[in-house]
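Letter by letter, the chains look like this.
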Amino acid sequence: MKNQHLLIIAATVLSFSANALDKNGKYAIKGVGNASCAQFVSLTKNDDPQKLLFAGWLNGYMTAHNQHLKDNFDVASWENIETLGNYLLKHCEKNPTLSFFQASTQMLSEMYPNRIEEFVGAENAASGKQTQKVYVQVIQRVQQRLTELSLYSGATDGKMTADLKLSIDKFRKANELPPHEFLDQQFLHLLLMSKPNSK
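Conventions adopted
Residues numbered from 1 in each chain as written. Predicted model: local features only at pLDDT ≥ 70, side-chain atom pairs only at ≥ 80, totals over all residues. Heavy atoms only, no water. Helix = DSSP H or I, 4+ residues; strand = E, 2+ residues; numbered from the N terminus. Buried < 20%, exposed > 50% of the residue type's maximum accessible area, 1.4 Å probe, protein only. Contact = heavy atoms within 4.5 Å. Areas by Shrake-Rupley, 256 points an atom, 1.4 Å probe, with all protein chains shown as cover. Phe/Tyr/Trp six-rings, centres within 6.5 Å; stacked < 30°, edge-to-face > 60°. Lys NZ or Arg CZ within 6 Å of the ring centre and 35° of its normal. Disulfide = S-S within 2.5 Å. Expected span 1.5 Å × (residues − 1). Polar contact = N/O pair within 3.5 Å; in protein donor to acceptor, adjacent residues only side chain to side chain. Salt bridge = Lys/Arg side-chain N within 4 Å of Asp/Glu carboxyl O.

> Before we go on, may I ask you to explain the overall build of the protein chain in this structure?
A count of helices and strands for the protein chain gives eight helices and two strands. The buried share among the 199 residues of the protein chain stands at 42%. Counting only contacts in the protein chain whose residues sit at least 6 apart along the sequence, the fraction spanning at least 24 positions is 57%. Carbon and sulfur atoms form 51% of the exposed surface of the protein chain, whose accessible area is close to 11500 Å².

Next up, the structure:
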């Protein structure tokens, strides 16, 4: 995780917990939030069923963020719990002495600038028999990024149009992604978080 986000971490934690601190500026961290990153990595790599406790804890922690942070509807704009778990696994492998709470806070702080500030709607992104809801703002980001890559020339309106689906298909082929899903996690990570191929 990038050091420049440490100030955001502090601001996030302070804004979230300002009304929940005791007179010494402390608050209780519950459950597996107290576990070390090393424990999380070990349980995950050994496929121990207890790893699910971390996913449940993280979902609850994100919900609390979503409830209490200002100008925020969803701190995870497109990432599902499996993707977030993979991000945390990599971060914890590099920082085994952090607590799971600290690692989660750092990750959510990095995600905060890309949050969904306000719910304005979601679109159905269909792939065969499967459908998923995707925030309008995420689709707009996909449209903007594909435009930057010269793969899309339509409107940046957050609509899942036929033209957008063709552009997504071009991107998937250029980056050797399976053709059967439109806005799966692998696609969104590669398009929005990495440096993908454009041709």
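Back to the write-up after that little detour.
> Sorry if this is basic, but what is going on with the packing of aromatic side chains here?
By convention here, two paired aromatic rings are described through the distance between centres and the angle between planes. Overall, the coordinates contain twelve aromatic pairs when judged by the stated rule. On the numbers, 6.2 Å between centres and 75° between planes, the contact of F119 with Y135 is edge-to-face. Note that F119 is positioned in the loop between α5 (100-111) and β1 (122-127) and Y135 in strand β2 (residues 130-135), a separation of 16 residues in sequence. Of the aromatic side chains, those joined through ring pairs into one cluster are Y27, F40, F54, W57, Y61, F100 and F101. For the cation-ring pair, R115 lies above Y112, with the distance from its terminal atom to the ring centre recorded as 3.9 Å.

> What am I meant to see in the environment of K159 here?
With respect to the helices and strands, the residue K159 is situated in the loop between α6 (136-148) and α7 (162-174). With a relative accessible area of 42%, K159 lands in the partly exposed category. For K159 and I139, which are 20 residues apart along the polypeptide, the C-alpha to C-alpha distance reads 6.9 Å. Filtering out sequence-adjacent residues up to four positions away, K159 remains in contact with E123, I139, Q143 and L164.

> Would you mind showing me how to read the state of the cysteines here?
Here is the idea: a disulfide is a covalent bond, and it sits between the sulfur atoms of two cysteines. Applying the stated criterion across every chain, the model contains one disulfide. One disulfide in the model links C37 with C92; its S-S distance is 2.1 Å. On the sign convention where negative means left-handed, the S-S torsion of about -45° between C37 and C92 marks this disulfide as left-handed. Taken together, the residues span a long stretch of sequence, with C37 in helix α2 (residues 37-45) and C92 in helix α4 (residues 81-94) at a distance of 55 residues. Residue C37 shares its accessibility class with C92, and that shared class is buried.

> Mind showing me how you'd approach α4 here?
Since the α-helix turns once every 3.6 residues, residues separated by three or four places project in the same direction. Given a rise of 1.5 Å per residue, 14 residues ought to cover 20 Å, and the 20 Å separating the end C-alpha atoms of α4 matches this to within 8%. Looking at α4, one finds that the buried residues are T83, L84, Y87, L88, L89, H91 and C92. Of the surrounding secondary structure, the elements contacted by the buried residues of α4 are α2, α3 (51-68), α5 and α8 (185-193). Two or three places before E82, at the start of α4, stands the capping residue N80, its side-chain oxygen 3.1 Å from that residue's backbone nitrogen.

> Which parts of the structure should I look at to understand unusual backbone geometry?
Keep in mind that most residues, glycine aside, have a negative phi and that most peptide bonds are trans. Backbone geometry places D47, a non-glycine residue, at a positive phi of 50°. The class of D47 is exposed, set by a relative accessible area of 53%.

> What exactly am I supposed to notice about the side chain of N72 here?
Take N72: it is sitting in the loop between α3 and α4. Look at N72 and you get buried, because its relative accessible area is 9%. Within the structure, N72 has its side chain in polar contact with the side chain of N66 (distance 3.2 Å). Among all residues touching N72, those that are not within four sequence positions of it are H65, N66, Y112, R115, I116 and E117.

> Would you explain the pattern of salt bridges in this entry?
Pairs can form between side chains of opposite charge whenever their charged atoms are close. Scanning the model with the defined rule gives seven salt bridges in all. A salt bridge links E148 to R145; the shortest N-O distance between them is 3.0 Å. Placement of the pair is E148 and R145 together in helix α6, with a separation of three residues, close to one helical turn. When its relative accessible area of 56% is taken as the criterion, E148 is described as exposed. We classify R145 as partly exposed; its relative accessible area is 21%. We note a salt bridge from K173 to D169, for which the minimum N-O separation is 3.3 Å. Of this pair, K173 and D169 both sit in helix α7, four residues apart, which is roughly one turn of that helix.

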